[in-house]
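One-letter residues, chain by chain:
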Amino acid sequence: MKVYKKIMNGVAFVEKLILVLSTILIVVLTVGNVLSRKILHQSWSFTEELVVAVFVLITLLAAALAARDGELVNLSLLPDRLSAKARRILLVVNTVFSVAFTVVLFKYGMDKVLTQLANGKRTFVLNWPEWIFWSFVPIGAACMTLHMIEYLIDTFVKSKRGGTEKNDQCNSFSFILCFSDPWYPDGICLGLSSICAILYSGTSLTIVATNMYSGISKFLLLAIPFFVLSGNIMAKAGISKRLIRFVDTCVGHKKGGIAIVCVIVACFFGAISGSGPATVAALGMVLIPAMIERGGFSAPFSTALMATSSSIAIVIPPSIAFVVYASITGVSIADMFTAGIVPGILMGVALVIVVLLEAKKHNIQPTQKKATAKERWDAFKDAFWGFLMPVIILGGIYGSVFTPTEAAAVSVVYGLFVGIFIYKEIKLKDLWDLMVDSAKTTGGIMLIVASASLFSFVCTKFGIAQAASDLLGSVAHNQFVFLLIVNIIFLIAGCFIDANSAMYIFIPIMLPV
C-alpha cells in the first residue's frame, strides 16, 4: 500500500506541475498578446489556438485532481443520513459507473488520436499535428480513472482504520434520465446520461470525445479559470479585509451596520471574482461571526444573508455565469456585463432593506461610533487597489482595450502585482497552491460544462429540445407567463443540479421561445 501511495502521489505531483506550468503559459500568452497588440500593433496569431488546447489539458487534469480530493461539484442531500455501510456500498457503485464514463472517454479519445495520426491532419495556425492536442483527452481520462479508483481505496482504508469517511465527491442527487443515484458528481451524471441516450439510439460513441472537447475548447470560456484564479489571488492578498474595513467605516455605525457591510462588500468582491462561492470563501469566515457576535443577528439570518449576498456575484459583472451563458447563446459578453449592473445593484439595495427591517424588528442598536473623515480616508487608501480591479476589467472591456477573456487574464497579473508588491501578503511559495486550488475549482466547473455540452447535443440531435421548446411555447401565451415558467423551472432544477448544468440543459430549450 505504501508503494501504491508513493506512485499515486508521484502521479499527482506531475499533474500539479503540468497544471502550474500550463496556467502560467496561458496567462503569459494571453496578456502578452494584449501588450503586443497595443504596443507593437501586431497580434500573436497562434495565441488563441494554443491556449484553448492547453485549456483542455488543464480542465481534464484538474478534474482528475478534484476527483482525487473529493472536490467534484455535487449536491449532498441523502448520503449524510445513511449509515457508514450504506455509504460505502453507494461509493463502490458510483465509482464503477464513474470509471465506466472515463473509460469510454479514454477509449474514444484514443480513437480520435489514432484517426488524426492516420490522416496526418494539422492545426490551422501553428501547423502542428492535431493528434497532439487530441491526446489531452485520453491523458485526462486516464488520470481521472486512476484517481477515482484511488479515492475509493483510500476511503475504505480510512474506514478500516476507524477514521472518518470523506464523502464529498460522490454526494449528488441529480435526476438526469435514469441516473437518480444520490452520489453521482454532476459532470459524471450528465455524461453517463448522454452515453445511455447515444447507445439507445444506436449512434457511435465517437461523438462523446468530440463533443466534450469542442464544448470546452472555446476562447471565451478561458475567462472562467482566469476569474477563479484572480478571485483567489485577491482573497489571499487580503483585499477582503480591507474592503470590509473601509465599508465598515462608512456604514458600520448605523443600525444593523455590520450586516449592511456584508451586503456592500459582497457586491464589491463579486465585481472582483465573478463567483458566488469565491465570495463566500473570502468573506464568510470574517463576516458571519461578526454579524452574530458584534451585530446581534441570529446565526441562521447571518448565514443566509452571507449566502444570498454572495449570489449577487452571479449577476453583477464580471460574472462567470454570464460567461457560460454567452458561450451557449453566442451573445456579446460585454452586453451581458452591462445588463447585469443595474439588477446587481437592485439586489444589493433589496438586501439592505431586509437588513434594516430585521434590525428594527429585533431592536438591534449600533455597536460602534461613527468613523472620522480621517479614518475613512485611511481605510479607502488601503482598499484603493482592490476598488481599482473592477475598473480595470470593465473599463478595458468597454474601452475596447481587450476582450473579456483577456480582461480576466489581465486581472490575474494585476492581482499578483497588488498581492506581491503592494500589500505584500502573497509570497512566491504561495503561487503553487493558489494555481493548483484554482485549477481544481476550474476543473470541476469545466467537467460539468463539457458533459452538459454533450447532453445538450444529445437533446438537440434526438429532438428532445425542439419538442420541449414547442411545448413551452404552447403553454406560455405571453412574456409574463413565460418568465414565470422559466423561474419555476430553474428554481426546481437548482434544488438538484448546479447552475452551469441547468443553463446547458434548459437554455437551448428556452432561447427559441
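Structure report, in brief.

Rules of the game
Residues numbered from 1 in each chain as written. Predicted model: local features only at pLDDT ≥ 70, side-chain atom pairs only at ≥ 80, totals over all residues. Heavy atoms only, no water. Axes fitted to C-alpha atoms, helices over the stretch in contact; angles between N-to-C directions. Helix = DSSP H or I, 4+ residues; strand = E, 2+ residues; numbered from the N terminus. Parallel < 35°, antiparallel > 145°, perpendicular 65-115°, else oblique. Left-handed = near helix turned anticlockwise from the far one by under 90°. Contact = heavy atoms within 4.5 Å. Nonpolar A, V, L, I, M, F, W, Y, C, P; charged D, E, K, R; others polar. Expected span 1.5 Å × (residues − 1). Buried < 20%, exposed > 50% of the residue type's maximum accessible area, 1.4 Å probe, protein only. Phe/Tyr/Trp six-rings, centres within 6.5 Å; stacked < 30°, edge-to-face > 60°. Lys NZ or Arg CZ within 6 Å of the ring centre and 35° of its normal. Arc of directions from axis to C-beta. Polar contact = N/O pair within 3.5 Å; in protein donor to acceptor, adjacent residues only side chain to side chain. Salt bridge = Lys/Arg side-chain N within 4 Å of Asp/Glu carboxyl O.

1. A few points about the packing of helix α10 (residues 257–273) against helix α15 (residues 373–398)
- Axis separation between α10 and α15 bottoms out at 9 Å; the angle between their running directions is 50°. If you check the angle between α10 and α15, you find them oblique. Where α10 crosses over α15, the two elements pack in a sense that is left-handed. Taken together, the residues of α15 that come into contact with α10 (itself represented by F268, A271 and I272) are G386, F387, M389, P390 and I393.
- Within the contact of α10 with α15, the residues separate by chemical class into seven nonpolar, one polar and no charged.

2. Some remarks on α10
- Taking 1.5 Å per residue, 17 residues should reach 24 Å; α10 reaches 24 Å between its end C-alpha atoms and fits that length.
- In terms of burial, α10 is a largely internal element, 15 of the 17 residues being buried.
- Count one or two residues on from α10 and you reach G274, which has phi positive near 70°.

3. Re the environment of G252
- Looking at the element boundaries, G252 is found in the loop between α9 (239–251) and α10.
- In sequence terms G252 and L472 are 220 residues apart; their C-alpha atoms lie 48 Å from each other.

4. Structural notes on the side chain of H253
- As for its position among the elements, H253 is in the loop between α9 and α10.
- Given the relative accessible area of 17%, H253 is considered buried.

5. A short note on the packing of aromatic side chains
- Applying the stated rule across the entire model yields 16 aromatic pairs.
- Aromatic side chains F268 and F387 sit 4.9 Å apart centroid to centroid with 75° between the ring planes, which places their arrangement in the edge-to-face category. Here F268, found in helix α10, pairs with F387, found in helix α15; they are 119 residues apart in sequence, far enough to count as distant.
- On the basis of an interplanar angle of 20° and a centroid distance of 5.3 Å, the ring pair of F297 and F301 is categorised as stacked. Take F297 and F301: they sit in the same class, and that class is buried.
- Here the aromatic cluster, defined as three or more aromatic residues joined through ring pairs, consists of F246, F268, W377, F380, F384, W385 and F387.
- Its end group placed over the ring of Y108, K107 keeps NZ or CZ at 4.5 Å from the ring centre.
- In this arrangement the basic side chain of K112 is found over the ring face of W134, its NZ or CZ atom lying 5.1 Å from the centre.

6. Observations regarding helix α12 (residues 299–310)
- Taking 1.5 Å per residue as the helical rise, α12 with its 12 residues ought to reach 16 Å, and the 17 Å between its terminal C-alpha atoms agrees with that figure.
- Those residues of α12 that fall on the buried side of the exposure criterion are F301, S302, L305, M306, S309 and S310. One side of α12 carries all its buried residues, which in axial view fall inside an arc of 155°.
- Next to the buried residues of α12 lie α10, α11 (276–293) and α14 (333–361).
- Between the side-chain oxygen at the start of α12 and the backbone nitrogen of F301 there is a gap of 3.3 Å, and the oxygen is on S298.

7. Here we look at the packing of helix α8 (residues 223–236) against helix α13 (residues 320–329)
- Packing of α8 against α13 leaves a shortest axis separation of 10 Å and a crossing angle of 175°. It follows from the interaxial angle that α8 and α13 lie roughly antiparallel. When α8 is examined against α13, the residues A223, I224, F227 and V228 are found in contact with a partner set consisting of I320, V323 and V324.
- Looking at the contact of α8 with α13, its residues break down into seven nonpolar, no polar and no charged.

8. Considering the pattern of salt bridges
- Summed over the entire model, instances satisfying the criterion amount to 12 salt bridges.
- Across the pair R242 and E425 runs a salt bridge whose closest N-O atoms are separated by 3.0 Å. You can see R242 sitting in helix α9 and its partner E425 sitting in the loop between α16 (404–422) and α17 (430–461), a full 183 residues away along the chain.
- E425 gets classed as partly exposed once you look at its relative accessible area, which sits at 26%.
- Residues participating in the shared-partner salt-bridge network are K241, R242, R245, D382 and E425.

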